[in-house]
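# Structural features, examined
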Amino acid sequence: MKRVAILVAFLSAQPLLADSNLPPAYWADRQLPDPRDEAKAQALMDELRCLVCQGQSIADSDAELAGDMRDLVRRRIAAGEKPSAIRSWLIQRYGTWISYKPTAEPAAWPLWLAPLALLLIGAWLIRRRIKR
Amino acid sequence: MSRAVRFAPLALLLVVIAALIWRLATPTDSNVPSKLDGRPIPAFDLGAALEAKPALRSRDLTGRPRLLNIFASWCVPCVGEVKVLQQLRARGVAIDGIAIRDRPEDVAAFLASNGDPYEKIGDDPQSAVQISLGSSGVPESFVVDGKGIIRYQHIGPIEPADVPLILAKLEQAR
């Protein structure tokens, strides 16, 4: 009897999910009929950061909010909105945090200058070797 | 090789270890605050989340400062928060809700078992209004002043200890 009870408990066990009971939004996991639109949406979704699984893009994330954001992106692309307009609409709300695309703001300058600095250091090292 | 150069890698290692310990001791804040704080609430017109309650439009958030609470019946911290919201309501705070990805019967059951502090509740089945508010999860609350300007965003549940803070923010929004 006890074994049966344990077996029943195991079989009926549910993970404790902090997820809703609603199905994913219509365009969350569905491609747009026009391949060009879908390509634009995909490129944008790869560069938008998920608010729940921070560090993943909304294209990668399984979070429901990411699904809802994919739905939003695909709907707006299908309605003819430019990806850059959708990105700035989201940046207005969440800040540059939401976008993976590096901006030209001062905080990002080291990112742009690092390759140049490394090249210069490399050139200097090579010059020293050659001179020797 | 000079002595200083020989010990450079060790010094570098110590710097890296110190940086790691510092980051472990003071973890980064992973909350993403809404940039709409201090700006007008975006226009929305939501349907009713359940039959017994009026629906919510952005135009309704005017007149006097109101608390807009983003919640869901499937959200565990919301169960505790809704009791604090009832305390706020008892002290005269006007509270409206937006139910995220919810079903009418679930919202009704949630309110029946945990209490109901809301005047109006809008239904946001695909988090569209939540995203337009710059909100990144449930629960979250916004203090909206009488002109429809967002004055304060509270990320996470309003705990009993947050009641004075919320009341002060509502007073400031007057």
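Preceding this section is the structure that the text describes.
Attention in this report is confined to the structure presented alongside it. All figures in this text were calculated on a predicted structure; none of them were measured in a lab.

Judged by side-chain polarity, W109(A), L111(A), W112(A), L113(A), L116(A) and L120(A) come together as a nonpolar surface patch covering roughly 700 Å² of accessible area. The residue L113(A) is located in helix α5 (residues 109-131) in this model.

Roughly 500 Å³ of internal volume is contained in the largest pocket. Taken together, 28 residues form the lining of the largest pocket, with V52(A), W74(B), S136(B), G137(B) and V138(B) sitting closest to its centre. At the level of elements, α3 (64-78) of chain A together with α2 (76-90) of chain B are the ones that each hand at least two residues to the lining of the largest pocket. The element that contributes the greatest number of residues to the lining of the largest pocket is α3(A), accounting for three residues. Classifying every residue of the lining of the largest pocket gives 14 nonpolar, eight polar and six charged. Here the second largest pocket defines a volume of roughly 220 Å³.

It is worth spelling out the packing of helix α2 (residues 35-46) of chain A against α3(A) at this point. All names here are of chain A. Contact geometry of α2 with α3 gives a least axis separation of 9 Å together with a crossing angle of 140°. In this view, α2 runs oblique relative to α3, as classed from their interaxial angle. Of the two elements, α2 crosses α3, and the hand of that crossing is right-handed. Contact residues: α2 offers D37, E38, K40, A41, Q42, L44 and M45, while α3 offers R70, V73, R74, I77 and A78. The residue inventory of the contact of α2 with α3, partitioned by class, reads six nonpolar, one polar and five charged.

Turning to the interface of chain A and chain B, a few remarks are in order. Facing the 26 residues of chain A at the interface are 21 residues of chain B. Surface buried jointly by chain A and chain B totals about 1900 Å² across both partners, of which 59% is contributed by carbon and sulfur atoms. Counting the surface chain A buries against chain B, the share from its top three residues, L22(A), R93(A) and Y94(A), is 31%. Where chain A meets chain B, there are two salt bridges. The salt bridge involving D68(A) is made with R101(B); its shortest N-O contact spans 2.9 Å. At the surface where chain A touches chain B, the tally comes to 11 residue pairs in polar contact (both at pLDDT 80 or more). Broken down by secondary-structure element, the contributors of at least two residues to the side of chain A that touches chain B are α3 and α4 (83-94) of chain A. With seven residues, the single largest contributor to the side of chain A that touches chain B is α3(A). Considering only residue class, the side of chain A that touches chain B consists of 15 nonpolar, five polar and six charged.

As a further point, take the sheet that holds strand β2 (residues 66-71) of chain B. Hydrogen bonds between backbone groups are what pair the strands of a sheet, and the pairing can be parallel or antiparallel. Residue and element names in this part refer to chain B. With respect to topology, six strands assemble into an open sheet ordered β1-β4-β3-β2-β5-β6, the strand pairing being mixed. Single-partner strands in this sheet number two, and they are β1 (47-48) and β6 (150-155). Pairing between β2 and strand β5 (residues 140-144): five bridges, direction antiparallel. Bridging from a neighbouring strand, L67 pairs with V143 of β5. Here α2 sits on the sheet and contacts β2, β3 (94-100) and β5; the angle it forms with β2, its principal contact strand, is near 165°. On top of the sheet, helix α5 (residues 163-172) reaches β2, β5 and β6; it is set at about 165° to β6, its chief contact.

Calculation rules
Residues numbered from 1 in each chain as written. Chains lettered and ligands numbered in written order. Predicted model: local features only at pLDDT ≥ 70, side-chain atom pairs only at ≥ 80, totals over all residues. Heavy atoms only, no water. Patch = residues over 30% accessible without salt bridge, like charges linked within 9 Å, V, L, I, M, F, W, Y side chains within 5 Å. Areas by Shrake-Rupley, 256 points an atom, 1.4 Å probe, with all protein chains shown as cover. Salt bridge = Lys/Arg side-chain N within 4 Å of Asp/Glu carboxyl O. Helix = DSSP H or I, 4+ residues; strand = E, 2+ residues; numbered from the N terminus. 1 Å grid on protein atoms, 1.4 Å probe; cavity = no way out; pocket = protein on both sides within 12 Å on 5 of 7 lines; lining within 4 Å. Points joined across faces, edges and corners; volume = space filled by probe spheres on them. Nonpolar A, V, L, I, M, F, W, Y, C, P; charged D, E, K, R; others polar. Axes fitted to C-alpha atoms, helices over the stretch in contact; angles between N-to-C directions. Parallel < 35°, antiparallel > 145°, perpendicular 65-115°, else oblique. Left-handed = near helix turned anticlockwise from the far one by under 90°. Contact = heavy atoms within 4.5 Å. Buried area = accessible area lost by both parts, 1.4 Å probe. Polar contact = N/O pair within 3.5 Å; in protein donor to acceptor, adjacent residues only side chain to side chain. Pairing = 2+ DSSP bridges.

These figures come from the coordinates and say nothing about function on their own.
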